[in-house]
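The chain contents come next:
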Amino acid sequence: MPEHTSGSIDSGSPGSGHGSGKRIVVGVGGGIAAYKSCAIIRSFTEAGHHVRVIPTASALEFVGAATFEALSGNPVHTGVFTDVPEVPHVRLGQEADLVVIAPATADLMARAVAGRADDLLTATLLTARCPVVFAPAMHTEMWEHPATVANVATLRERGVTVIEPASGRLTGKDTGAGRLPEPTEIVGLASLLLERADALPRDLVGQKILVSAGGTREPLDPVRFLGNRSSGKQGYAIARLAVQRGAQVTLVSGYTAGLDAPAAVDVVEVKTAEDMRIAVAKRAPDCDAVVMAAAVADFRPTTTVASKIKKGPDEPDSIPLTPNADILAGLVQSRRAGEIDSSTVIVGFAAETGDSGGDVLSYARAKLQRKGCDLLVVNAVGEGKAFEVDHNDGWLLAADGSESALEHGSKSLMASRVLDALSPLLGSGE
Ligand code: CTP
């Protein structure tokens, strides 16, 4: 065991001054998904944060203390009787900027709800005044049991963020809701809480939201297509966050930079702009809001040839193009025609550059008018901005004429600002 003391989050960690890094407690519950906490700890330390890992005694049945100590650079204990003069059971929670529990078992949540302090992790939870995130993982029956449902509701009422688990393969042959979301997703949500410095609101409960994301590909022949540089990150961030704020979310996804499906989101994969139009048109009438974050190709090759186009005397010297339908404008049209409910909120995105004819905002205002949507999220593109990067900035324009700047931040933070603007436009969700 390391020689250094355990009473402070910074103790013993290499280069652990009070720089920009935050003090994060990673609590690990005793479940098979405990191994995934290693990737979470690593992401936080690589981002420059100071991490203290507090496993429960049963978590150490799955992953050894040495692994957590090596990954965090700090000592690891489960009980309150180590380094008593340092009062770690009080100080770790008091000093933390963020507490992330992954995986959170049914038992750990029950103990947190009861206010128990019978090990270092639950004692730390009682003293923490920072944002706290629980990422549950358990079998579907345990997740759906009324005791767990009530415990999750209580934690949320107290301002704790309880992440919706993913569906999919559980231990053994079982499948269903209860899987720990991917570590990148947990780290993304936890980092958002550091940026926002408050708990995720549960303001979208009862709302059905359709999000489109990614880029479409318009085939020219069996191997070539017209595509675009959309990574899908912004739309995926909106879908992921909308679910965590309580919405039921369908994500109509074109091609992305290999993004994982967000936990608890219903994903519909499409290839072309026309596929996307059909998928969106079919589902929009059943939704309270549609967020068109996808980069939809404006044109497709007029003909798709069945065999690969060869070089040589028959090679084409141009590719005739046909315009694709504008899905966003079509939705607004359908709403005007009464085909979708008049209360459905429609959000568009605009990627704009300024030029001699006008600046980004003047083009965006014209686009809001032209498309007729309720909100337009405007990104200034070019010079390495917006596409394929993790950070973004821009403006949010509303049909009522209000305009606000979206400060520079992660695509998760942008997503949360977009949902902050969308939320008050939605009905009660009943
Ligand atoms: N969009 C759409 N269907 C299309 C093209 C775009 O629904 N065929 C949606 C996008 O999802 C986005 C918005 O329209 O929400 C703005 O897309 P953008 O490409 O910026 O606008 P365009 O209409 O293509 O305008 P322009 O290229 O003239 O700037």
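Above: the structure in question.
How each quantity is defined
Residues numbered from 1 in each chain as written. Predicted model: local features only at pLDDT ≥ 70, side-chain atom pairs only at ≥ 80, totals over all residues. Heavy atoms only, no water. Helix = DSSP H or I, 4+ residues; strand = E, 2+ residues; numbered from the N terminus. Rg over C-alpha atoms; globule rule 2.2 N^0.38 Å. Buried < 20%, exposed > 50% of the residue type's maximum accessible area, 1.4 Å probe, protein only. Contact = heavy atoms within 4.5 Å. Areas by Shrake-Rupley, 256 points an atom, 1.4 Å probe, with all protein chains shown as cover. Patch = residues over 30% accessible without salt bridge, like charges linked within 9 Å, V, L, I, M, F, W, Y side chains within 5 Å. Salt bridge = Lys/Arg side-chain N within 4 Å of Asp/Glu carboxyl O. Phe/Tyr/Trp six-rings, centres within 6.5 Å; stacked < 30°, edge-to-face > 60°. Lys NZ or Arg CZ within 6 Å of the ring centre and 35° of its normal. Pairing = 2+ DSSP bridges. Axes fitted to C-alpha atoms, helices over the stretch in contact; angles between N-to-C directions. Near = heavy atom within 4 Å. Polar contact = N/O pair within 3.5 Å; in protein donor to acceptor, adjacent residues only side chain to side chain. Nonpolar A, V, L, I, M, F, W, Y, C, P; charged D, E, K, R; others polar. Expected span 1.5 Å × (residues − 1). Core = buried A, V, L, I, M, F, W, Y, C linked by side-chain atoms within 4.5 Å.

## Quick word on the overall build of the chain
Along its length, the chain carries 13 helices and 19 strands. Relative to its length of 430 residues, the chain is compact, with a C-alpha radius of gyration of 24 Å against a globular reference of 22 Å. Taking the principal axes of the C-alpha coordinates as reference, the chain spans close to 80 × 55 × 50 Å. The buried share of the chain, reckoned over its 430 residues, is 50%. Partitioning the contacts of the chain with sequence separation of at least 6, the portion at a separation of at least 24 is 69%. Total accessible area on the chain stands at roughly 19,500 Å², and carbon and sulfur atoms take up 52% of it.

## A look at a nonpolar patch on the surface
Taken together, the side chains of Leu-226, Phe-299, Ile-319 and Leu-321 make up a nonpolar region of the molecular surface, amounting to roughly 340 Å² of accessible area. Among the residues examined, Ile-319 registers a relative accessible area of 40% and is labelled partly exposed.

## A closer look at the packing of aromatic side chains
Within this structure, the stated rule accounts for zero aromatic pairs. Taking NZ or CZ as reference, Arg-217 lies 3.9 Å from the ring centre of Tyr-255, over its face.

## Some points on the environment of Val-160
In this fold, Val-160 is placed in the loop between helix H7 (146-157) and strand E5 (161-162). In sequence terms Val-160 and Val-99 are 61 residues apart; their C-alpha atoms lie 10.0 Å from each other. With sequence-adjacent residues up to four places away left out, Val-160 is seen in contact with Val-132, Phe-134 and Leu-155.

## Quick notes on the pattern of salt bridges
Across all of its chains, the model carries 24 salt bridges by this definition. The salt bridge involving Asp-374 is made with Arg-335; its shortest N-O contact spans 2.7 Å. Taken together, the positions of Asp-374 in the loop between helix H12 (360-371) and strand E17 (375-380) and Arg-335 in helix H11 (residues 327-336) put the pair 39 residues apart, joining distant regions of the chain. Arg-335 shares its class with Asp-374; the two are buried. It is possible to trace a salt-bridge network through shared partners that takes in Arg-196, Asp-203, Arg-245, Glu-407, Arg-417 and Asp-420.

## Points about the sheet that holds strand E18 (residues 391-398)
What links the strands of a sheet is backbone hydrogen bonding, and the strands pair in either a parallel or an antiparallel sense. Strand order across the open sheet formed by eight strands is E12-E11-E8-E13-E16-E17-E18-E19, with mixed pairing between neighbours. With one partner strand each, in any of the chains shown, strand E12 (266-269) and strand E19 (403-410) form the two edges of the open sheet. Strand after strand, the sheet turns through a mean of 20° between neighbouring axes, direction not considered. Pairing of E18 with E19 involves six bridges; the strand directions are antiparallel. Considered in E19, the bridge of Leu-397 is made with Glu-403.

## A short note on the site of the ligand
Close to the ligand lie 16 residues, the nearest being Met-292, Ala-294, Phe-349, Lys-367 and Lys-371. One nitrogen or oxygen atom from the main chain of Phe-349 is found 2.8 Å from an oxygen atom belonging to the ligand. In this structure, Lys-371 approaches the ligand through a side-chain N or O atom, which is 2.6 Å from an oxygen atom. Protein contact buries 76% of the 580 Å² of open area that the ligand shows by itself. Breaking the shell around the ligand down by element, the ones donating at least two residues are H11, strand E16 (345-352) and H12. When residues in the shell around the ligand are grouped by element, the largest group, four residues, is from E16. Of the residues assigned to the shell around the ligand, the class counts are ten nonpolar, one polar and five charged.

## Considerations on helix H8 (residues 183-196)
Spanning 14 residues, H8 covers 20 Å between terminal C-alpha atoms, matching the ideal 20 Å at 1.5 Å per step. Taken together, the buried positions of H8 are occupied by Pro-183, Glu-185, Ile-186, Val-187, Leu-189, Ala-190, Leu-192, Leu-193 and Arg-196. Buried-residue contacts for H8 involve helix H1 (37-46), strand E3 (98-104), strand E4 (132-136), E5, helix H9 (233-244) and helix H13 (411-422). Immediately downstream of H8, the backbone of Ala-197 shows phi near 60°, a positive value.

## Here we look at the nonpolar core
Phe-44, Ile-209 and Leu-422 are the most contacted members of the largest nonpolar core, which totals 63 residues. Broken down by element, this core gets its largest block of residues, seven residues, from H9. The contacts of Ile-209, once residues within four sequence positions are left out, are Leu-204, Ala-242, Ala-247, Gln-248, Val-249, Thr-250, Ala-289, Val-291 and Leu-422. Residues Val-280, Val-290, Met-292 and Leu-331 belong to the second largest nonpolar core, which totals 28 residues.

## A closer look at H13
Look at H13: 16 Å from first C-alpha to last across twelve residues, which is about the 16 Å you get at 1.5 Å a residue. Across the twelve residues that make up H13, a large majority, nine, are buried.

## Focus on the sheet that holds strand E1 (residues 23-28)
Here we have five strands laid out as an open sheet, ordered E2-E1-E3-E4-E5, and parallel in their pairing. Either end of the sheet is taken by a strand with one partner, and the two such strands are strand E2 (50-55) and E5. Pairing analysis gives two bridges linking E4 to E5, with the strands arranged parallel. Along E5, the bridge assignment pairs Val-133 with Thr-161.

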